[in-house]
Amino acid sequence: MVLNNITFMNSREPGNISFKGGHISAVSNKPTSLNVDNFQINFNNVIAFPGLINSHDHLDFNCFSPLGKRIYSNYTEWGNYIHKEYKQDINSVLRIPIDLRATWGMYKNLLCGITTVINHGPVLEIKDPLISIRQDFQNLHSVKFEKGWIWKLNNLWLRKKRCIIHTGEGSDIQSSEEIDKLLKWNLFRRPLIGIHGVAMNEEQAKKFVALVWCPESNKVLLNKSANISSLKDKTRIVFGTDSTLTGNWNIWNHLRLARLTKQVNDSELYEMISRSPCKLWHVNSGDLRIGKKSNIVIAKNKGAASQWDNFYLTDPEDILMVIHKGNIRLFDGQLSDQLKQMNFDMTGFFPITINGICKFVEGDLPRLMADIKKYYPQAVFPCSVHDPINAIADA
């Protein structure tokens, strides 16, 4: 397959990219076609970038709306509060079978152009996932909420395996002391990947393999961010959204918020969702280069003054195509005629609408949303079933 007339993040001139067998096979920075494949898709005024990598989500918690009405000192204060004040709401969502909730969590990421997500929590069974879902690490929730965390952390059989844990999620002294306690009891010096780290200092950061920055989640709960500007030189920083319990479903909103903090420059932030997590999670993507996995996103060029503005102004409705391991998982309605002319098999793709724009997504997402509503009628989704009659009338 060849994608023609696309502008890469490191170029201002359109080029082309081809892939075969799930890997990128050729890249050209010239607008002429790569005559290596009969299946060619032509674009106009678009940008191309590797599928985003979301380094922290709880896939089964994305049917929630953000819970909480004030700012909290730490995650335990927030957790105790919501379980008291929102007990009925929480139980209502948890009545949705976990496989339905987890599958929606996968789609939430796909619709945003995320092709790899690190799920935190119990291993979830998702049949025929449309993106890469990594769950092959030891996941501990936190020092306060993980029963027997010391024993689990010091499991002799797991001493070489990376451990991912919420830590330092607070603005008080107890949150910083919690990081010290975690490090003190890491007897085998396990490779630790911390999540949040709002209370983390530079000396603590040196003892972590990486820190996952979740700025929107931290703002919603704590109205404070991790001190990324000082921590980024002490450990690897990657980017995560967390679930909709503590933030918006759209990772692009999270990225724009991170940008506003001015703790990192545009290139550094981009690295946190592309190359840096690839190195951390050992994923062969994050770049549009020969030999890399063909995880590719094509989005509208917003016509902004700078290349970085074009990228960070992207929203899900602007995404024209998502390719995962060489397979088209999502495409914009305006591309349907081209794909039909090339005899692309659209069986198994279903139309949805995001902010009035039609997208075709692999898998029966409309039925999934309907099934979730059977258990939880109050469920709100950022997309709807596409109605072609009303779409024509609106046009």
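This section reports on the structure supplied with the text. (Residues numbered from 1 in each chain as written. Predicted model: local features only at pLDDT ≥ 70, side-chain atom pairs only at ≥ 80, totals over all residues. Heavy atoms only, no water.)

## Details of the sheet that holds strand β6 (residues 52-57)
No. 1: The parallel open sheet is built from three strands, whose spatial order is β6-β7-β8. Unpaired on one side and paired on the other, β6 and β8 (132-134) mark the two borders of the sheet. With strand direction ignored, the average angle separating the axes of adjacent strands in the sheet is 20°.
No. 2: Alignment of strand β7 (residues 114-119) against β8, held across three bridges, turns out to be parallel. Following the sheet pairing, I118 is matched in β8 by R134. (Pairing = 2+ DSSP bridges. Helix = DSSP H or I, 4+ residues; strand = E, 2+ residues; numbered from the N terminus. Axes fitted to C-alpha atoms, helices over the stretch in contact; angles between N-to-C directions.)

## Focus: the environment of L94
No. 1: Of note, L94 is situated in helix α2 (residues 87-94).
No. 2: Note: C-alpha distance between L94 and H141 (47 residues apart in sequence) is 18 Å.
No. 3: Here L94 is in contact with F61, F64 and R101, once residues within four sequence places are set aside. (Contact = heavy atoms within 4.5 Å.)

## As for α2
No. 1: Among the residues of α2, those classed as buried are I90, S92 and V93. Seen from one end, α2 has its buried residues packed into an arc of 160°, which puts them on one side. Away from its buried face by more than 90 degrees, α2 exposes K87 and Q88.
No. 2: Structurally, α2 contributes buried residues whose contacts are with α1 (75-85), α3 (98-111) and α14 (365-375). (Buried < 20%, exposed > 50% of the residue type's maximum accessible area, 1.4 Å probe, protein only. Arc of directions from axis to C-beta.)

## Notes on the side chain of E216
No. 1: Relative to the assigned elements, E216 resides in helix α7 (residues 215-222).
No. 2: Apart from the residues lying within four places of it in its own chain, the contact partners of E216 are T246, G247, N248, N253, H254 and L257.

## A closer look at the nonpolar core
No. 1: Judged by nonpolar contacts, the single largest core of 83 residues is most densely connected at F49, W104 and W213.
No. 2: Ranked by residues supplied to this core, first place goes to α3 with seven residues.
No. 3: In this structure, A48, I296, M321 and F344 belong to the second largest nonpolar core, which totals 27 residues. (Core = buried A, V, L, I, M, F, W, Y, C linked by side-chain atoms within 4.5 Å.)

## Remarks on unusual backbone geometry
No. 1: Despite not being glycine, H282 has its phi angle at roughly 60°, a positive value.
No. 2: Even without glycine at this site, N343 takes up a positive phi of about 60°.
No. 3: Take N343: it is sitting in the loop between α13 (336-341) and β17 (349-354).

## Some points on the sheet that holds strand β9 (residues 138-140)
No. 1: Pairing in this open sheet of five strands is parallel, and the strands run β9-β10-β11-β12-β13 from one edge to the other. Because the sheet does not close on itself, it has two edges, and the strands there are β9 and β13 (236-239). Here the strands of the sheet are splayed against their neighbours by 25° on average, with no regard to which way each runs.
No. 2: Of the strand pairs in this sheet, strand β12 (residues 210-213) and β13 are connected by four bridges, and their pairing is parallel.

## Things to note about the packing of aromatic side chains
No. 1: Here the structure, examined in full by the defined rule, presents 19 aromatic pairs.
No. 2: Relative to F145, the ring of Y75 lies with its centre 5.4 Å away and its plane at 90°, an arrangement referred to as edge-to-face. Separated by 70 residues along the polypeptide, Y75 in helix α1 and F145 in the loop between β9 and α4 (149-153) bring together distant segments of the chain.
No. 3: Accessibility expressed as a relative area gives 4% for Y75, which makes it buried.
No. 4: Given a relative accessible area of 38%, F145 falls into the partly exposed group.
No. 5: An angle of 70° between the planes, with centres 5.0 Å apart, marks the rings of W252 and F311 as edge-to-face. (Phe/Tyr/Trp six-rings, centres within 6.5 Å; stacked < 30°, edge-to-face > 60°.)

## Things to note about the pattern of salt bridges
No. 1: Enumeration over the complete set of coordinates arrives at 18 salt bridges.
No. 2: Across the pair K108 and D57 runs a salt bridge whose closest N-O atoms are separated by 2.9 Å. Taken together, the residues span a long stretch of sequence, with K108 in helix α3 and D57 in strand β6 at a distance of 51 residues. For the residue pair K108 and D57, the accessibility class agrees, reading buried in each case. (Salt bridge = Lys/Arg side-chain N within 4 Å of Asp/Glu carboxyl O.)

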